[in-house]
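# A closer look at the structure
If you want the building blocks of each chain, they are given just below.
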Amino acid sequence: CIAQGLLERLALLREEPTVLRATRAGLRFAGLDLGLCIVSAGSVAHWLRCTSVALLMEERCGPGSVIAERELRWIEHSEGRPVFSAKVGHLPDGSYRLHRPDLALWIGERPLAVEVELSPKAPRRLEAIIAAWRRASWVGGVLYVCEPGPTQRGVERAIRKTRAWERVQTLVAIE
């Protein structure tokens with residue numbers, strides 16, 4: 001695939017394995033109407049953890065049950081409405097500003113949004129996001145997969161403060 005120009009290797013971090021990314025030609029070949037994935041050295045750890053979580057969830061819930069962020073973004077664009085995302089405000093043009101989850105799990109009538117948190121977010125920002133998830137009735141619920149310690153405590157504090165415990169749950173991240 002690399003020799004044919006469908007995938008490319010990105011060497012982002014010294015002494016770490018390279019990351020593979022689909023090229024524009026690779027996306028076209030696969031029939032995916034997606035833009036080129038933006039990958040930075042700062043995002044590699046997060047996307048690797050998202051991948052681990054997605055693989056574990058798909059193993060437990062079945063093939064095709066997990067939807068990645070890029071795919072869910074495309075689905076929402078096609079539908080013209082939020083399907084997996086929470087409305088966190090408005091843009092200057094009056095449309096909704098959306099907060100998209102890292103993953104979605106589709107195992108029932110409504111999707112479960114999955115957020116992967118590796119480091120603490122600012123409390124007000126996190127509270128605004130969790131309050132938006134509380135209002136997002138088109139989503140069956142939200143699961144935060146958190147690093148133990150300050151990250152998990154911050155998410156749990158925001159859930160309590162926004163009274164979102166019926167819709168938002170936490171799970172400690174596993175390696």
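Preceding this section is the structure that the text describes.
In this report, we go over the structure that sits alongside the text.

## Considerations on the overall build of the chain
Regarding its fold elements, the chain presents five helices and nine strands. Reading the secondary structure of the chain in the N-to-C direction produces β-β-α-α-β-α-β-β-β-β-α-β-α-β. Its C-alpha atoms give the chain a radius of gyration of 17 Å, within 12% of the compact-globule value 16 Å for 175 residues. On the principal axes, the C-alpha backbone points of the chain span a range of 55 × 40 × 35 Å. Residues classed as buried in the chain amount to 36% of the 175 residues present.

## Some details on the nonpolar core
Residues Leu126, Ile130, Trp133, Val142, Tyr144, Val155 and Val168 are the most contacted members of the largest nonpolar core, which totals 17 residues. Listed by contribution, the elements that provide at least two residues to this core are helix H4 (123-135), strand S8 (141-146) and helix H5 (150-162). It is H4 that provides the largest number of residues to this core, a total of five residues. Those residues in contact with Val155 that lie beyond four places of it in its chain are Glu117, Leu126, Ile130, Tyr144, Cys146 and Thr170. If you look at the next biggest cluster of nonpolar residues, it comprises 12 residues, including Cys50, Met57, Val66 and Val145.

## Topic: the layout of surface pockets
Unoccupied space between atoms shows up once a probe the size of one water molecule is rolled over them. Of the pockets and cavities examined, the largest pocket occupies roughly 760 Å³. Every residue lining the largest pocket is counted, 26 residues in all, and those nearest its centre are Cys37, Trp47, Thr51, Ala68 and Arg70. At the level of elements, strand S2 (19-22), helix H2 (44-61), strand S3 (66-68) and helix H3 (69-79) are the ones that each hand at least two residues to the lining of the largest pocket. Among the elements that make up the lining of the largest pocket, the one with the highest residue count is H2 (eight residues). Looking at the lining of the largest pocket residue by residue, the class counts come to 18 nonpolar, two polar and six charged.

## Quick notes on the pairing of strand S9 (residues 168-172)
Looking at chain direction, S8 and S9 are connected through five bridges and run parallel. In the strand pairing of S9, Leu143 is matched with Gln169. In terms of handedness, the path from S8 via H5 over to S9 forms a crossover that is right-handed.

## Things to note about the environment of Lys87
Structurally, Lys87 is set in strand S4 (residues 86-90). The spatial distance from the C-alpha of Lys87 to the C-alpha of Ala132 is 5.9 Å, given a sequence separation of 45 residues. Leaving out residues up to four positions away in the same chain, Lys87 has contacts with Pro82, Tyr96, Arg97, Leu98, Ala132, Arg135 and Trp138.

## Brief notes about the pattern of salt bridges
Counted according to the given criterion, the structure contains seven salt bridges. Close ionic contact of Arg49 with Glu147 constitutes a salt bridge, the shortest N to O distance being 2.5 Å. Placement of Arg49 in helix H2 and of Glu147 in the loop between S8 and H5 is noted, with a sequence separation of 98 residues between them. Residue Arg49 shares its accessibility class with Glu147, and that shared class is buried. Among the ionic pairs, Glu69 bridges to Arg73, the shortest N-O distance being 2.6 Å. Taken together, the positions of Glu69 and Arg73, both in helix H3 and four residues apart, correspond to about one turn of that helix.

About the cut-offs
Residues numbered from 1 in each chain as written. Predicted model: local features only at pLDDT ≥ 70, side-chain atom pairs only at ≥ 80, totals over all residues. Heavy atoms only, no water. Helix = DSSP H or I, 4+ residues; strand = E, 2+ residues; numbered from the N terminus. Rg over C-alpha atoms; globule rule 2.2 N^0.38 Å. Buried < 20%, exposed > 50% of the residue type's maximum accessible area, 1.4 Å probe, protein only. Core = buried A, V, L, I, M, F, W, Y, C linked by side-chain atoms within 4.5 Å. Contact = heavy atoms within 4.5 Å. 1 Å grid on protein atoms, 1.4 Å probe; cavity = no way out; pocket = protein on both sides within 12 Å on 5 of 7 lines; lining within 4 Å. Points joined across faces, edges and corners; volume = space filled by probe spheres on them. Nonpolar A, V, L, I, M, F, W, Y, C, P; charged D, E, K, R; others polar. Pairing = 2+ DSSP bridges. Right-handed = clockwise from strand over helix to strand, strands pointing away. Salt bridge = Lys/Arg side-chain N within 4 Å of Asp/Glu carboxyl O.

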